[in-house]
Amino acid sequence: MNCKYHDEIADINPKSWLSVYHKTSVSYLVKMAFFYSAIGILLQTIGNSTAEHAISDYQGPSLPYSILIGLTAGPVEETLFFGIPYYVSGNIYLVLVTGVLWSIGHIFNTEVFQITNLAYGNFLFTVPHIFISLRTWRSGKGWFAVVFHSAWNLAILASNCVFIGDSCIIIGNGWYFAWDVISIIAAILLVSATYKLYKRKSIVANK
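Rules and cut-offs
Residues numbered from 1 in each chain as written. Predicted model: local features only at pLDDT ≥ 70, side-chain atom pairs only at ≥ 80, totals over all residues. Heavy atoms only, no water. Phe/Tyr/Trp six-rings, centres within 6.5 Å; stacked < 30°, edge-to-face > 60°. Helix = DSSP H or I, 4+ residues; strand = E, 2+ residues; numbered from the N terminus. Buried < 20%, exposed > 50% of the residue type's maximum accessible area, 1.4 Å probe, protein only. Axes fitted to C-alpha atoms, helices over the stretch in contact; angles between N-to-C directions. Parallel < 35°, antiparallel > 145°, perpendicular 65-115°, else oblique. Left-handed = near helix turned anticlockwise from the far one by under 90°. Contact = heavy atoms within 4.5 Å. Nonpolar A, V, L, I, M, F, W, Y, C, P; charged D, E, K, R; others polar.

## Concerning the packing of aromatic side chains
Thought 1: Counted by the stated rule, this structure contains 18 aromatic pairs.
Thought 2: Ring centres 6.3 Å apart and planes at 75° place the aromatic pair Trp17 and Phe35 in the edge-to-face group. You can see Trp17 sitting in the loop between helix 1 (6-12) and helix 2 (26-54) and its partner Phe35 sitting in helix 2, a full 18 residues away along the chain.
Thought 3: For Trp17, a relative accessible area of 17% puts it in the buried group.
Thought 4: On the basis of an interplanar angle of 25° and a centroid distance of 6.4 Å, the ring pair of Tyr36 and Phe131 is categorised as stacked.

## Let's talk about the packing of helix 4 (residues 92-105) against helix 5 (residues 120-138)
Thought 1: Close contact between helix 4 and helix 5 brings their axes to 9 Å; oriented N to C, the two are set at 150°. When the axes of helix 4 and helix 5 are compared, the pair comes out roughly antiparallel. Here helix 4 and helix 5 pass one another in a crossing that is right-handed. Packed against helix 4, whose contacting residues are Ile92, Val95, Leu96, Gly99, Val100, Trp102, Ser103 and Ile104, the element helix 5 presents Phe123, Thr126, Val127, His129, Ile130, Phe131, Leu134 and Arg138 at the interface.
Thought 2: Residues belonging to the contact of helix 4 with helix 5 are distributed by class as follows: 11 nonpolar, 4 polar and 1 charged.

Written out as structure tokens, the structure reads:
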């Protein structure tokens, strides 16, 4: 007798974390994304707690958050570190490397680059997300990785602003406005480039 959740069990097995998903419906992808995100939240909690107890005077990152940059991070980061490397090389291990670089970059999401202020929890949270993105792009559903990434960022930023009291910027001034504009332009260019690579790969595959 086949198990009702055979596909889910197979996909959450770490041995499958570099393979395509058994199913690619939106509801199934949402389940897999939340599975990895739950692991990320657990790792983030452990990381923050460890840093607070192991590092004297640890304060963690403190940055004003731009809602717009949080939204555009989805298309920018997903295409730059996952989609483009995948469509250019077709090598899943190269995508794993670029994903690791993307994850490591999150440790520097702070204004003060000192051991007492680095974003260890943020870094640990993104580690499981590498596999969300890698597997989603490999499964031919890169658009979902972009949408989920942006939606997750928006939900986290909004909750932090409302419930924790973090400083949030909707439309910035000065350099914040410039970065908002740059992020929008970068998102448009990178998504366009990724789509062209996708179409080229599709044409080659159909020949």
